[in-house]
Amino acid sequence: MDPFRTLRGFRDILSPETDILSYIENTAKEIFKLYAYNEIRIPSVEMTELFVKSTGDTTDIVEKEMYSFNDAGKRNISLRPEGTPGVARAFVQHKLNLSGKNSKFFYIGNMFRAERPQAGRFREFEHIGIEYLGNPSASADAETIILLMALLKKTGVKDYFAEINSLGCGDCREKYKKELLEYLKNNASRLCEWCQNRIEKNPLRALDCKIDGSKLSIEAPKLKLCEDCSLHFEKVKELLKIAEIDFKINKSLVRGLDYYTRTVFEVKSSALGSQNAIAAGGRYDKLIKSMGGQDTPAVGWALGADRLAMLIKDNISLKSNAPDIFVICADKSSFTESFKILNNLRNNGISADFSNFELSLRSQMRSADKSGATIALIMGEEELKNSSCSIKFLKHAEDDKGKQEQIPLNELLEKTKNILNTENRIND
RNA sequence: GUGGUUGUAGCUCAAAGGUGGAGCGUCCGUCUGUGGCACGGAAGGUUGCGGGUUCGAGUCCCGUCAGCCACCCCA
């Protein structure tokens, strides 16, 4: 292994990808504010047990994708593969249900899963997620989904669709699991070895079995929601329609995590490869209690920021970090003054850049052009003599392109601010 | 984790076992104080890494690492 390369599945993210990710994060934060969600920052590392007991010990994430290791104190710890267990843990640990504040959280953070990398799948990736704790009503389910769709719409992404389903509560699900397990045992030969081994622990996952799962899911007994769950699901659908959210019902949508109850949903894109999920989530009414907290219903989702970035990178134009002014030194006698001007501009809130004052004027002008700056500011012997500087409008200046004038140094700040305001107005 | 495929300059790619190139980009110059255009020149390579076959390997073989694609799985 070459120590001077990134590990498999890990990557450096450079501009403009970083700009797109920042744009997504900022857009998300605007929406979160509209819906009154507060930020929570949780550790990247937790006890392995946390994920085993929440995400679930039969899930692929926990069984084969976690970065787990022992620390110096012989604790078995893991890099977080998802955010919900950490947020739930924080809620219980700090007794946030007693704080009197609304328990609506958002988080933005990197997650880790040791999967085989491919398009849209990295071993370290960014999740943006929300968790709404303490509200059992269908209105909470609806709000989180509406928020998600509003966020996606605002980012400008195209070609995505939402699917929802209900997995039922503990009661109707347990009943169904027994029925299903009975059926699966009678049809065990149609399952792969892997599924045969796990049907006892989690029969629902067998319906995802690729060998005969799709047929099984048609033929197998169907989940019958109890009356409460059925009403809840109907209400969620009704509220989504009121909010004019487009969605489809997908009866075979089974989220891969153990803690989901009732509503589950997923947003997919037809424009992605086989990693077509942009965001997914659902209700998890039993999780908080299972961690020793009070019985607290909850619902949430997570969005793959990297995947969203892939989708919008081509149809979005971001303001670059091009400087407003590019400072050029025409000869050695003005070196010091040029550097002073550069600092002065920046100290007064005008973005400025330079290349190398010791290079030729031509070379520095070329750099100025490439930088995307609006104005080239030239300092030389002549300007120094007059206590002035020359400013030249480059191609990026909308208006006075190519124009050049000499202005006194003591008017520089005021003048450039006026010019830049005018130029920006034109650009807008 | 399984299968397929690809690794040559910063990028996109040539080189059919016989001296590793081009385009774009970068830098310098033509232009004694002025960018874009044009022209001239320069820099930049352990051909991913390690073995093997051969008189000779970027090219063939084996291994390994990495990228991409699909499976799987997810967000």
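In this convention, every chain numbers its residues from 1, walking through the sequence in written order. Chains carry letters from A onward and ligands carry numbers from 1 onward, assigned in written order. Totals for whole chains, interfaces and linings use every residue, but because this is a predicted model, local features are given only for residues with pLDDT of at least 70 and side-chain atom pairs only at 80 or more, for both listing and counting. Note that water and hydrogens are dropped before the side-chain values are worked out from all heavy atoms of the structure.

A. Examining the overall build of chain A more closely. If you tally the helices and strands in chain A, you get 15 helices and 16 strands. Only the C-alpha atoms count toward the radius of gyration. The rule for a globule is 2.2 Å times the residue count to the power 0.38. Computed over the C-alpha atoms, the radius of gyration of chain A is 29 Å, more than 25% above the 22 Å expected from 2.2 N^0.38 for a compact globule of 428 residues. Across the 428 residues that make up chain A, the buried fraction comes to 48%. We call two residues in contact when some of their heavy atoms are within 4.5 Å. Expressed as a percentage of contacts within chain A between residues at least 6 apart in sequence, the contacts between residues at least 24 apart total 68%. Working definition of accessibility: Shrake-Rupley area with a 1.4 Å probe, residue cover restricted to the visible protein chains. For chain A, the exposed area adds up to about 22300 Å²; of that, 48% sits on carbon and sulfur atoms. A positive count includes Lys and Arg, and a negative count includes Asp and Glu. His and the chain ends are not counted in either. Positions of charges follow a simple convention, taking NZ of Lys, CZ of Arg, CG of Asp or CD of Glu. Taking the average location of the 63 positive side-chain charges in chain A and that of its 61 negative ones, the two points are 4 Å from each other. Secondary structure elements follow DSSP: runs of H or I of four or more residues count as helices, runs of E of two or more count as strands, with numbering from the N terminus. Under the scheme applied here, a residue whose accessible area is under 20% of the maximum for its type counts as buried, over 50% as exposed, and between as partly exposed, the area being computed with a 1.4 Å probe on protein chains only.

B. Layout of the domain arrangement of chain A. Domain limits in this description derive from either an automatic procedure or a database domain assignment. By the assigned domains, chain A splits into domain 1 (17-168 + 225-312) and domain 2 (325-427). For domain 1 and domain 2, the distance between their C-alpha centroids amounts to 49 Å.

C. Expanded view of the sheet that holds strand E8 (residues 248-249). Read from one edge to the other, the open sheet built from eight strands follows the order E1-E5-E6-E11-E10-E9-E7-E8, with strand pairing classed as mixed. The open sheet terminates on both sides in strands that have one partner only, identified here as strand E1 (38-39) and E8. By the convention used here, strands pair only if DSSP detects at least 2 bridges between them. When strand E7 (residues 160-166) meets strand E9 (residues 261-269), the two strands line up antiparallel, connected through seven bridges. Bridge pairing in E9 links Glu 163 to Glu 266. Lines fitted to C-alpha atoms define the axes, with helix axes restricted to the stretch in contact, and inter-axis angles between N-to-C directions lie between 0 and 180 degrees. Sheet contacts for helix H1 (residues 17-34): strand E5 (104-112), strand E6 (124-133) and strand E11 (298-304); angle to E6, the most-contacted strand, approximately 5°.

D. Layout of the confidence of the model for chain A. Confidence per residue, as judged by the predictor, is encoded in pLDDT with a range of 0 to 100. On average, chain A scores 89 in pLDDT, and the residues at 70 or more come to 92%. Scored as a whole, the predicted complex attains pTM 0.91, and scored at its interfaces, ipTM 0.89.

E. Structural detail: the pairing of strand E12 (residues 325-329). By the criterion of burial, E12 is predominantly enclosed, with five of the five residues buried. Burial along E12 is two-sided: Ile 325, Val 327 and Cys 329 and Phe 326 and Ile 328, pointing in opposite directions, are all buried. As paired strands, E12 and strand E13 (residues 352-353) are joined by two bridges and run parallel to one another. Bridge assignment links Ile 325 to a residue of E13, and that residue is Ala 352. Crossover E12 to E13 through helix H12 (residues 335-347) is right-handed. Pairing of E12 with strand E14 (residues 375-379) involves five bridges; the strand directions are parallel. Each bridged residue has a counterpart across the sheet, and for Phe 326 the counterpart in E14 is Ala 376. Orient the strands so they point away from the viewer; a crossover is then right-handed if the path from the first strand over the helix to the second runs clockwise.

F. Examining the sheet that holds strand E3 (residues 68-70) more closely. Spatially, three strands are ordered E2-E4-E3 in an open sheet, and the strand pairing comes out antiparallel. Edge positions in the sheet fall to strand E2 (45-47) and E3, since each of these pairs with one other strand and no more. Averaged over all adjacent pairs, the angle separating strand axes in this sheet is 35°, with direction ignored.

G. Structural context of helix H4 (residues 84-93). In terms of burial, H4 is largely enclosed, as nine of its ten residues are buried. Of all the positions in H4, only Thr 84, Pro 85, Gly 86, Val 87, Ala 88, Arg 89, Ala 90, Phe 91 and Val 92 are classed as buried. In the core, the buried residues of H4 are packed alongside E2, helix H2 (48-54), E5, E6 and helix H10 (287-290). Two residues or fewer past H4, Lys 95 is found with a positive phi of approximately 50°.

H. Summary view of the environment of Cys 329. Turning to its location among the elements, Cys 329 is positioned in strand E12. Ignoring anything within four residues of it in the chain, the contact list for Cys 329 reads Ser 334, Phe 335, Ser 338, Phe 357, Gln 364 and Met 379.

I. How the structure looks around unusual backbone geometry. In this model, Ser 15 is joined to Pro 16 through a cis peptide bond whose omega is 10°. Residue position: Pro 16 is located in the segment before H1. Unlike most non-glycine residues, Ala 36 shows phi in positive territory, near 65°. Judged by relative accessible area, which is 43%, Ala 36 ranks as partly exposed. One non-glycine residue, Lys 95, lies in the positive phi region at around 50°. On the secondary structure map, Lys 95 appears in the loop between H4 and E5.

J. View of the packing of H1 against helix H5 (residues 138-155). Between H1 and H5, whose axes approach to 10 Å, the crossing angle comes to 135°. Looking at the two axes, H1 sits oblique to H5. Note on packing geometry: the crossing formed by H1 with H5 is right-handed. Of the residues in H5, those touching H1 at Tyr 23, Thr 27, Ala 28, Glu 30, Ile 31 and Phe 32 are Leu 147, Ala 150, Leu 151, Lys 154 and Thr 155. Each residue is assigned to one of three groups, with Ala, Val, Leu, Ile, Met, Phe, Trp, Tyr, Cys and Pro labelled nonpolar, Asp, Glu, Lys and Arg labelled charged, and all others, Gly among them, labelled polar. Taken together, the residues of the contact of H1 with H5 sort by class into seven nonpolar, two polar and two charged. Here roughly perpendicular refers to angles of 65 to 115 degrees, roughly parallel to angles under 35, roughly antiparallel to angles over 145, and oblique to all remaining angles. Two helices that cross are described as forming a left-handed crossing if the nearer one is turned anticlockwise from the farther one by less than a right angle, and a right-handed crossing if clockwise.

K. How the structure looks around the pattern of salt bridges. A pair is scored as a salt bridge if a Lys or Arg side-chain nitrogen falls within 4 Å of a carboxyl oxygen belonging to Asp or Glu. Under the defined criterion, the tally for this structure stands at 18 salt bridges. Asp 306 is paired through a salt bridge with Arg 11; the nearest N and O atoms lie 2.6 Å apart. Taken together, the positions of Asp 306 in helix H11 (residues 305-312) and Arg 11 in the segment before H1 put the pair 295 residues apart, joining distant regions of the chain. For Asp 306, a relative accessible area of 9% gives the class buried. Among the ionic contacts, a cluster of salt bridges with common partners joins Asp 141, Arg 283 and Asp 285.

L. Structural context of the side chain of Glu 131. Examined against the element boundaries, Glu 131 turns out to sit in strand E6. Comment: no salt bridge for buried Glu 131; closest opposite-charge side chain is Arg 283, at 10 Å. Here Tyr 284 takes part through its side chain, which lies 2.5 Å from a polar atom of the side chain of Glu 131. Residues within four places of Glu 131 in sequence aside, it is in contact with Tyr 37, Thr 84, Val 87, Ser 103, Lys 104, Phe 105, Tyr 107, Tyr 284, Val 299 and Gly 300. Polar contact is the term for a pair of N or O atoms within 3.5 Å; when the atoms are in protein, one must be able to donate a hydrogen and the other to accept it, and sequence-neighboring residues count only if both atoms are side-chain atoms.

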